[in-house]
Amino acid sequence: MKIIDADAHTKATHIEMLVMDVDGTLTDGAMYYGAEGEELKRFSTRDGMGVTLLQRSGIQCAIITSENSPIVAARAKKLGIENVILSSRQKPDSLRELSEAMSLALKSIAYIGDDVNDIQVMQIVGLSACVADAAEQVQSVSHVICSKSGGYGAVREFAEFILLSQGKPITLPEKW
């Protein structure tokens, strides 16, 4: 992980919610199609555990994506992510609406993304990160650049950064 903003650890101590992009962040960004035209996406179980660790530590998770995909809705349901915004063409507006609905200040929200449609939202949150294979423009506005690529554990890496910055353990309770 590469810390770009010297205050990233301090900013992470105020995080109450992690918002994630999907394609290229929670997935490897590739589009998979079956013979019948069915779309498939590849998700990392390590990223899923990162989401679980955050949630068990009291940090909420949400998804904002420009895609309208039942696959994303199914993955969010499996991970217990209740705040899912699909088909967002204006991610900053979607984030502002979510923060108001959740009564959260933007500075208490972290965001992780990978491409140019994430830049504006990354500029208004308290802490931003990108995956290792993010577009250069995205890397230039990120507080943290993960060492893992999208779909290969970057979300987990960022989740652990937030948890460690807050002095929270990276373990699950005995009964979860």
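Just above sits the structure.
All residue numbers refer to positions counted from 1 along the written sequence of the respective chain. Reporting of local features is limited, given that this is a predicted model, to residues whose pLDDT is at least 70; pairs of side-chain atoms are given and counted only at 80 or more, and all residues count toward the totals for whole chains, interfaces and linings. Water and hydrogen atoms were dropped before computing side-chain values, which therefore reflect all heavy atoms in the structure.

Within soluble globular proteins, side chains that are nonpolar tend to cluster in buried spots. Buried Ala, Val, Leu, Ile, Met, Phe, Trp, Tyr and Cys residues form a nonpolar core when they are joined through side-chain atoms within 4.5 Å. With a 1.4 Å probe rolled over the protein chains alone, any residue whose accessible area is under 20% of its type maximum counts as buried; one over 50% counts as exposed, and the rest are partly exposed. Counting 50 residues, the largest nonpolar core has Val19, Met20, Ile112, Leu127, Phe158 and Ile162 as the members making the most contacts within it. Any pair of residues with heavy atoms lying within 4.5 Å of one another is described as a contacting pair. Contacts of Ile112, omitting those with residues within four sequence positions, involve Leu18, Val19, Met20, Asp21, Thr25, Ala129, Cys130, Val131, Cys146, Ala154, Val155 and Phe158.

Attention shifts here to the state of the cysteines. Here, a disulfide means two cysteine sulfur atoms that sit within 2.5 Å of each other. In this structure the tally under the stated criterion is zero disulfides. Distance from the sulfur of Cys61, which forms no disulfide, to the nearest cysteine sulfur (Cys146) is 14 Å. Under the relative-accessibility criterion, Cys61 is labelled buried at 4%. A disulfide-free cysteine, Cys146 has its sulfur positioned 7.0 Å from the sulfur of Cys130, the nearest such atom.

So, on to the pattern of salt bridges. By salt bridge we mean one thing: a side-chain nitrogen of Lys or Arg within 4 Å of a carboxyl oxygen of Asp or Glu. The final tally for this structure, using the stated rule, is seven salt bridges. Note that Lys11 is salt-bridged to Asp5, the shortest N-O span being 2.5 Å. A relative accessible area of 17% means that Asp5 is categorised as buried. Residues participating in the shared-partner salt-bridge network are Asp21, Lys91 and Asp118.

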